[in-house]
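# Structural overview for review
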Amino acid sequence: MTVDTYSPRRSVLYIPASNDKALAKLGSLGCDAVIIDLEDAVLPADKKAARDKVAGILAGRERRCEMVVRINPLASEWGTHDLLAVAKAEPDGILLPKISTPRDILEAGDLLDDNFAPDSVKLWAMIETPRALLNIGAIAELGRDPASRLACFVAGTNDLVKATGILATPDRRYLMPWLMQLVLAARAGGLDVIDGVANDFRDLDAFAGECAEAAAMGFDGKSLIHPAQIEAANRAFSPSPEALARARAIREAFARPENAGKGVIPLDGRMVERLHLAEAEKLLAKAAIIGA
């Protein structure tokens, strides 16, 4: 995603479509995106009623943040009905769970196209199955084709732990290789990528540490299960004062007349290239958008 089309996704909060109390607080939340959940957080008996509420949740609401709806898997009895009903409400995105291959994305996109959903309705993909990880390169490649609508990956870490049987340690050591593979694929496809949830929303210190680690790994943001996690996520995935100061110094150094036309210059004892200037300008532009 270029700076021109940059939408911050530092904090992405799940809210069950069946939780009226949580939905009533949407207008006051400080997160960058909300995922209205029709899948895991909604009991089978409540799924149709939850789906019927989505249009009302989105209609007439001032969208202070990006609004995404997670539907049930297309292979389930609810999935196709979810997709078509949600598309009519024109959310910013539709999150597809349990995908395995590029075909899952393409089939969802075809359904949206056939039912005249506007191009502004993007597709997000949960990466939460072993097959999805094995096919991640081909799935990510769809991000290079705007017609696919694919815009973002979301790591489904709880499902990956369950499906593979790995031990869920606090440091996530056994998940790390797959998370890094996910980041690499997202970058190859020009996609954003959101880290999975931290289940203990009461331990904010541990959560802040996990956010800092995810930011260092290259994730764009963190998926959340409680509003108390928003502030730490926004902070971790925003440029630090030190990084901004460094970016400004690089920009100012290359702007000096004596450095005009130079590809490499010394700055504070280090060699700086024009690729670092491009990174600095991108960081400063993003910081301006989020008000950092």
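Nothing here was measured: the structure is a model prediction, and the numbers come from that model.

Counting buried residues along strand S1 (residues 11–16), 5 of its 6 residues qualify, which places the element largely inside the surrounding structure. Pairing geometry for S1 and strand S8 (residues 221–224), over 3 bridges, is parallel. Looking at S8, one finds that Ser 11 is bridged to Lys 222.

All right, on to the side chain of Ser 11 then. With respect to the helices and strands, the residue Ser 11 is situated in strand S1. Reaching out from Ser 11, the side chain makes a polar contact with the backbone nitrogen of Asp 32 at a distance of 3.0 Å. Sequence-distant contacts of Ser 11, that is, excluding residues within four places in its chain, are made with Gly 30, Cys 31, Asp 32, Ala 33, Lys 222, Leu 224, Ile 230, Ala 233 and Asn 234.

Attention now goes to the layout of surface pockets. In this model, the largest pocket occupies a volume close to 810 Å³. Around the largest pocket, the lining is made up of 28 residues, and of these Arg 187, Asp 220, Lys 282, Leu 283 and Lys 286 lie nearest the centre. For the lining of the largest pocket, the secondary-structure elements that each account for two or more residues are helix H11 (241–255) and helix H12 (274–290). Among the elements that take part in the lining of the largest pocket, H12 stands out by supplying 8 residues, more than any other. Classifying every residue of the lining of the largest pocket gives 15 nonpolar, 5 polar and 8 charged.

By size, the foremost hydrophobic cluster in this structure holds 65 residues, and its most contacted members are Leu 26, Val 34, Ile 36, Ile 94, Ile 105 and Phe 153. Ranked by residue count, the leading element in this core is helix H8 (residues 176–189), at 6 residues. By size, the runner-up hydrophobic cluster in this structure holds 13 residues, among which are Ala 33, Ile 35, Ala 151 and Val 154.

Glancing now at unusual backbone geometry. Of note in this structure, Glu 90 is not a glycine but carries a positive phi near 55 degrees. Look at Asp 268: it is not a glycine, yet its phi comes out positive at around 55 degrees. Among the secondary structure elements, Asp 268 is positioned in the loop between strand S9 (264–267) and strand S10 (270–273). With relative accessibility at 65%, the residue Asp 268 sits in the exposed group.

Quick look at the pattern of salt bridges now. Counted according to the given criterion, the structure contains 23 salt bridges. Residues Glu 66 and Arg 9 are paired through a salt bridge, measuring 2.8 Å at the closest nitrogen-oxygen approach. On the criterion of sequence distance, the pair formed by Glu 66 in strand S3 (residues 66–70) and Arg 9 in the segment before S1 is long-range, its members being 57 residues apart. Taking the relative accessible area as the measure of exposure, Glu 66 reaches 13% and is therefore buried. A salt bridge links Lys 98 to Asp 159, with the shortest nitrogen-to-oxygen separation between them at 3.6 Å.

Rules used throughout
Every chain is numbered independently, its residues counted from 1 as its sequence is written. For a predicted model such as this one, the threshold for reporting local features is a pLDDT of at least 70, and the threshold for listing and counting side-chain atom pairs is 80 or more; totals across whole chains, interfaces and linings nevertheless cover every residue. With hydrogens and water set aside, each side-chain value is computed from the structure's full complement of heavy atoms. Relative accessibility thresholds used throughout: buried, under 20% of the residue-type maximum; exposed, over 50%; partly exposed, between the two (1.4 Å probe, protein chains only). Here a strand is any run of E in DSSP of at least two residues, a helix any run of H or I of at least four, and the numbering for each starts at the N terminus. The pairing criterion is simple: DSSP has to find at least two bridges between the two strands. Under the rule applied, a polar contact is a pair of N or O atoms within 3.5 Å (in protein, one hydrogen donor and one hydrogen acceptor; residues adjacent in sequence only if both atoms are side-chain atoms). Whether two residues touch is decided by their heavy atoms; if any such pair falls within 4.5 Å, the residues are in contact. Space inside and on the surface of the protein is sampled on a 1 Å grid over the protein atoms alone, with a cavity defined as a set of points where a 1.4 Å probe fits but cannot get out and a pocket as an open set with protein on both sides within 12 Å along at least 5 of 7 lines; lining residues have an atom within 4 Å of a point. Grid points are joined across faces, edges and corners, and a volume is the space filled by probe spheres set on the points. Under this grouping Gly is polar, as are all residues other than the nonpolar Ala, Val, Leu, Ile, Met, Phe, Trp, Tyr, Cys and Pro and the charged Asp, Glu, Lys and Arg. Nine residue types can take part in a nonpolar core, namely buried Ala, Val, Leu, Ile, Met, Phe, Trp, Tyr and Cys, and a core is a set of them joined through side-chain atoms within 4.5 Å. By definition here, a salt bridge exists when the distance from a side-chain nitrogen of Lys or Arg to a carboxyl oxygen of Asp or Glu is within 4 Å.

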